[in-house]
Amino acid sequence: EPEVTQTPSHQVTQMGQEVILRCVPISNHLYFYWYRQILGQKVEFLVSFYNNEISEKSEIFDDQFSVERPDGSNFTLKIRSTKLEDSAMYFCASSRRGANSNQPQHFGDGTRLSIL
Amino acid sequence: ELKVEQNPLFLSMQEGKNYTIYCNYSTTSDRLYWYRQDPGKSLESLFVLLSNGAVKQEGRLMASLDTKARLSTLHITAAVHDLSATYFCAVDIGDTGTASKLTFGTGTRLQVTL
């Protein structure tokens, strides 16, 4: 069964450094998402992406965050200047259809980001 | 701001017993998803509920949606140890034709003991 793949599985970065998290969504999916989960807490929506542009972003997704689909397969999340509070598990997800669809979002295994 | 609350937050139950997890949400929506998460792992889709009165069953799990009460339930029948995980409900408030926007509940950590 097709999967969403994320790399790296664990990223350790110094505070203030830039980090790029990478995702390869399922190949025939059209909608792409990033979520984060701080340890022991609920999953929080960051951003959705469709037709090569951001569809919606949350309050968490400030100017330090950006997303890109640089080619036909990758979907990246960049944090420009990391802060300690950015430490979390970041999940990429994709779906074939958007809202009001019987097709759920499929999640990757996540990237654990640790900011020192 | 949409609030999605689950209870209980933690549930320890014996094998063979039945129990229900509740998911309440604060805005009008008829689209709700249930996911399972094992420790340190990703989220696995369990159920998609897209209308008032929707009921879905898979094995020992059954999910339902009451949009008027803004309530979804996940019922566990004759629990087994393999069901131990954290269960999240997620409400979709995205507009039809656009990307989904999932707001997740607080999660219910289920521990099934022998």
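**Digging into the nonpolar core**
- Core analysis: the largest hydrophobic core is formed by 25 residues, its most contacted members being Leu32, Trp34, Leu74, Ile76, Tyr87 and Leu110 of chain B.
- Taken together, the elements giving at least two residues each to this core come down to strand 2 (10–14), strand 3 (19–25), strand 4 (32–37), strand 5 (43–49), strand 7 (61–66), strand 8 (71–76), strand 9 (85–92) and strand 11 (108–113) of chain B.
- Here this core gets four residues from one element, more than from any other, and that element is strand 9 of chain B.
- Excluding residues within four positions of it along the chain, Ile76 of chain B makes contact with Met13, Lys17, Asn18, Tyr19, Ile21, Arg60, Leu61, Leu83 and Leu110 of chain B.
- Counting residues in each nonpolar core, the second largest holds 21 residues, with Val4, Ala88, Cys92 and Ile115 of chain A among its members.

**Some points on the interface of chain A and chain B**
- Across the boundary between the two partners, chain A contributes 23 residues, which contact 25 residues of chain B.
- Both sides of the chain A and chain B interface together cover about 2,000 Å² of buried area, and 57% of this is carbon and sulfur.
- Between the two partners, chain A and chain B, sit one salt bridge.
- One salt bridge in this structure joins Glu56 of chain A and Lys101 of chain B, with 3.0 Å as the shortest N-O distance.
- Where chain A meets chain B, there are seven residue pairs in polar contact (both at pLDDT 80 or more).
- Taken together, the elements giving at least two residues each to the side of chain A that touches chain B come down to strand 4 (31–37), strand 5 (43–50), strand 6 (53–57) and strand 9 (88–95) of chain A.
- Top contributing element to the side of chain A that touches chain B by residue count: strand 4 of chain A, with four residues.
- Counted by class, the side of chain A that touches chain B contains ten nonpolar, ten polar and three charged residues.

So, how was this worked out
- Residues numbered from 1 in each chain as written.
- Chains lettered and ligands numbered in written order.
- Predicted model: local features only at pLDDT ≥ 70, side-chain atom pairs only at ≥ 80, totals over all residues.
- Heavy atoms only, no water.
- Core = buried A, V, L, I, M, F, W, Y, C linked by side-chain atoms within 4.5 Å.
- Buried < 20%, exposed > 50% of the residue type's maximum accessible area, 1.4 Å probe, protein only.
- Helix = DSSP H or I, 4+ residues; strand = E, 2+ residues; numbered from the N terminus.
- Contact = heavy atoms within 4.5 Å.
- Buried area = accessible area lost by both parts, 1.4 Å probe.
- Salt bridge = Lys/Arg side-chain N within 4 Å of Asp/Glu carboxyl O.
- Polar contact = N/O pair within 3.5 Å; in protein donor to acceptor, adjacent residues only side chain to side chain.
- Nonpolar A, V, L, I, M, F, W, Y, C, P; charged D, E, K, R; others polar.

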